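Fold and contact review
Here is how the chains run, residue by residue.
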Amino acid sequence: MSVMKRLQMIFSAKANKALDNAEDPRETLDYSYQRQLEMLQKVRRGVADVATSRKRLELQTQQLQQQSDKLETQSRQALAAGREDLAREALTRRSGVAQQQADLVTQHAALQAEEEKLTLASQRLQAKVDAFRTRKETIKATYTAAEAQTKIGEAFSGISEEMGDVGLAVQRAEDKTQSMQARAGAIDELLASGALDDASGTAKDDITAELERMSSEGEVELELARLKGEIGPGKAPEAIEGSTSPTAQPAAPQPEQAQPQARPQTEEGRS
Amino acid sequence: MIVRILGEGQYSVDDAQADLLNGLDSGLERAVEAGDEDSFRSALSDLLTQVRALGERLPDDSLEPSDALLPTEDSSLEDVRTLLADSSEGLIPG
């Protein structure tokens, strides 16, 4: 049998069954109205849930962007310090982050579409529920068994079909939101574990540690050079280096060379 | 006849166009039975396009039941099969 006819029958079967079960068709009007209000609540909750998930994705996208920027800065720093290996590592991680970002963009679009659909569904249902409420009161007021029976049946089928439709939309949105939340949770975990590094910058990743180590070594060298400049008159840096550094074994023969410069007193005074 | 596109709303289509829609619907049915995702997609898309083009959108507050129902545009073959296999108690809420 035809697809569109079969679907119609499946949807209307549900409404008919509810009507058949009611002793007084007028009761079904009130009962149905309650169900409609519940369904409206459900759709609105659905819209809110999807919006929450969407915002979470937006936050994660921002975090990933920060991470990406940071890795780029790191790769520049590493390159400037002549550490191509470190720069390469930073860029590799950055491309991993970019992949996650692209993924999130797609998901964000899907969620946004779902949100729009649900918002429209909620508007349509609201309009129908309002119409049903009016119709319900009219039918109740002008009740004559046979006539009302038909009217109730029509109104009921119409709204019931809409409820089935909206119910499906809510279900779909729920499924999508759930799988999205699972993914978002996984990304949160990745960010937290440091595998993508913590974008908040509280935890140090190994690239940062290496860059900082290099930079502090550089500072030590600078400081050392400054001290050398202060202490020595600049003519005998080797002698001073040899004497100030007890580990510098190669400097051992140098004192003899330095002696002609007649500075034994200084050396004795320092040791 | 009144046709509902799930997730979209209802359209009132002139009965004179019923044959055209039924023809497209048969194509859709064959695709579902054959399990052919590609022809299913194009058949569904054709049918929905025709309903939208030929039909007139019913206002949101109309309470008329539909004569025919169609799945949402982005439904997969699997989605439609699930819907069709559904009993009146099953998946469809409301």
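Residues numbered from 1 in each chain as written. Chains lettered and ligands numbered in written order. Predicted model: local features only at pLDDT ≥ 70, side-chain atom pairs only at ≥ 80, totals over all residues. Heavy atoms only, no water.

Structural notes on the overall build of chain A
Counting its regular elements, chain A contains 8 helices and 0 strands. For chain A, the N- to C-terminal ordering of α and β elements is α-α-α-α-α-α-α-α. Within the span of chain A, comprising 271 residues, buried residues form 37% of the whole. When contacts within chain A are restricted to residue pairs at least 6 apart in sequence, long-range pairs at least 24 apart make up 83% of them. Just so you have it, chain A exposes about 15,600 Å², and 53% of that area is on carbon and sulfur atoms. (Helix = DSSP H or I, 4+ residues; strand = E, 2+ residues; numbered from the N terminus. Buried < 20%, exposed > 50% of the residue type's maximum accessible area, 1.4 Å probe, protein only. Contact = heavy atoms within 4.5 Å. Areas by Shrake-Rupley, 256 points an atom, 1.4 Å probe, with all protein chains shown as cover.)

A few points about the nonpolar core
Counting 44 residues, the largest nonpolar core has Val-43, Leu-118, Leu-125, Phe-132 and Val-166 of chain A as its most contacted members. For this core, the elements supplying multiple residues, two or more each, are helix 1 (3-21), helix 2 (25-80), helix 3 (84-141), helix 4 (145-193) and helix 5 (206-231) of chain A. With 14 residues, helix 4 of chain A is the single largest residue contributor to this core. What Val-43 of chain A contacts, discounting residues up to four positions off in sequence, is Leu-118, Ser-122, Leu-125, Val-166 and Val-170 of chain A. Of all hydrophobic cores here, the second largest spans 27 residues; its members include Val-3 of chain A together with Val-3, Leu-6 and Ala-31 of chain B. (Core = buried A, V, L, I, M, F, W, Y, C linked by side-chain atoms within 4.5 Å.)

What about the pairing of strand 1 (residues 2-5) of chain B?
Residues and elements named next belong to chain B. Here strand 1 shows two buried faces, one formed by Ile-2 and Arg-4 and the other by Val-3 and Ile-5. Sheet analysis places strand 1 next to strand 2 (residues 9-12), joined by 4 bridges and oriented antiparallel. Within strand 2, the residue paired with Val-3 across the bridge is Tyr-11. Hairpin connection of strand 1 to strand 2: 3 residues between the antiparallel strands, including Gly-7 at a positive phi of 80°. Bridge count between strand 1 and strand 4 (residues 68-70): 3 bridges; the pairing is parallel. Bridged to Arg-4 within strand 4 is Leu-69. (Pairing = 2+ DSSP bridges.)

These figures capture arrangement, not role.
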